[in-house]
Amino acid sequence: VSKDREQWLNIMLAEEYGLGTQMIRPLRAAVITFASFVAFGFIPLIAFIFQISGDKFLLATILTGLSFFLLGGVKSLWSLESPWISALRTFLIGST
C-alpha cells in the first residue's frame, strides 16, 4: 500500500482522520459554515427574542446544548462517524 502514494494518503485520511477523499469547494464550504453559524447560533437566543417566560438563562443553556447536539448530528452527514457518536462528541466538546 505504501508504494502507491495516492492510495496510501487516501487510506490515512479515511482511517486516521476520518476524512473522505472528496474535493472540497472553498466558497461552498464557507457559505455553509456561515449559514450553520447563523442558524445554530440563533437557537439559544429564542428565549430572549420571543420573550418566553421563566428562567431565560436556563432555557438558553438547554437550547445551546440541543443546538450542539443537532449540529453534531448534521455534521455526521459528511463525516465517517455515526450520527449519534458525532452528535454526542460535538455536544461534549461544546459544553466544556
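Throughout, residues of each chain are indexed from 1 in the direction in which the sequence is written. It should be noted that, the model being predicted, local features are given only for residues of pLDDT at least 70 and side-chain atom pairs only at 80 or more, the latter also being counted only at that level, while totals for whole chains, interfaces and linings use all residues. Neither water nor hydrogens contribute to the side-chain values; these are computed over all heavy atoms in the structure.

Caption draft 1: Structural context of unusual backbone geometry. A positive phi angle, near 50 degrees, is found at Gln51, a position not held by glycine. Tracing the backbone through its elements, the reader meets Gln51 in the loop between helix 3 (46-49) and helix 4 (56-75). Classification of residues uses two cut-offs on accessible area relative to the type maximum, computed with a 1.4 Å probe and protein chains only: under 20% is buried, over 50% is exposed, and between them is partly exposed. Residue classification places Gln51 among the exposed positions, given a relative accessible area of 60%. Here a helix means four or more residues in a row that DSSP labels H or I, a strand means two or more in a row labelled E, and each is numbered from the N terminus.

Caption draft 2: Structural context of the side chain of Ser67. With respect to the helices, strands and loops of the structure, Ser67 is situated in helix 4. Polar contact criterion, stated in full: a pair of N or O atoms within 3.5 Å, where within protein one must be able to donate a hydrogen and the other to accept it, and residues adjacent in sequence count only if both atoms are side-chain atoms. Polar side-chain contacts of Ser67 include one of 2.7 Å to the backbone oxygen of Thr64. By definition in these notes, contact holds between two residues if any of their heavy atoms fall within 4.5 Å. Not counting chain neighbours up to four residues away, the residues in contact with Ser67 comprise Phe40, Ile43 and Pro44.

Caption draft 3: How the structure looks around the packing of aromatic side chains. Any two of the Phe, Tyr and Trp rings considered here, Trp counted by its six-membered ring, make a pair once their centres fall within 6.5 Å; the pair's planes then place it as stacked at under 30 degrees, edge-to-face at over 60, or tilted in between. Scanning all chains against the criterion turns up one aromatic pair. Summarising the aromatic geometry, the rings of Phe69 and Trp84 are spaced 5.9 Å apart at their centres and angled 55 degrees between planes, so their arrangement reads as tilted. Here Phe69 is found in helix 4, whereas its partner Trp84 is found in helix 5 (residues 83-94), with 15 residues between them in sequence. Classification of Phe69 by relative accessible area gives partly exposed; the value is 28%.

Caption draft 4: Just the pattern of salt bridges, in detail. Every case where a carboxyl oxygen of Asp or Glu lies within 4 Å of a side-chain nitrogen of Lys or Arg is listed as a salt bridge. One pass over the full model with this rule turns up one salt bridge. Between Arg89 and Glu81 there is a salt bridge; the shortest N-O distance is 1.8 Å.

Caption draft 5: Just helix 4, in detail. The span you would expect from a helix comes to 1.5 Å times its residue count less one. An ideal rise of 1.5 Å per residue puts 28 Å on 20 residues; helix 4 measures up with 28 Å between its terminal C-alpha atoms. Restricting attention to buried positions, one finds in helix 4 the residues Ala60, Leu63, Gly65, Ser67 and Gly72. Elements that come into contact with the buried residues of helix 4 comprise helix 2 (26-42), helix 3 and helix 5. The N-capping residue of helix 4, defined by a side-chain oxygen 3.3 Å from the backbone nitrogen of Phe57, is Asp55.

Caption draft 6: Expanded view of the confidence of the model for the chain. Taken over all residues, the pLDDT of the chain has a mean of 86, while the share at 70 or more is 92%. The pLDDT score gives, residue by residue, the confidence of the prediction method on a 0 to 100 scale. Per-element averaging of pLDDT across the chain places helix 1 (residues 5-17) at the bottom with 78 and helix 5 at the top with 93.

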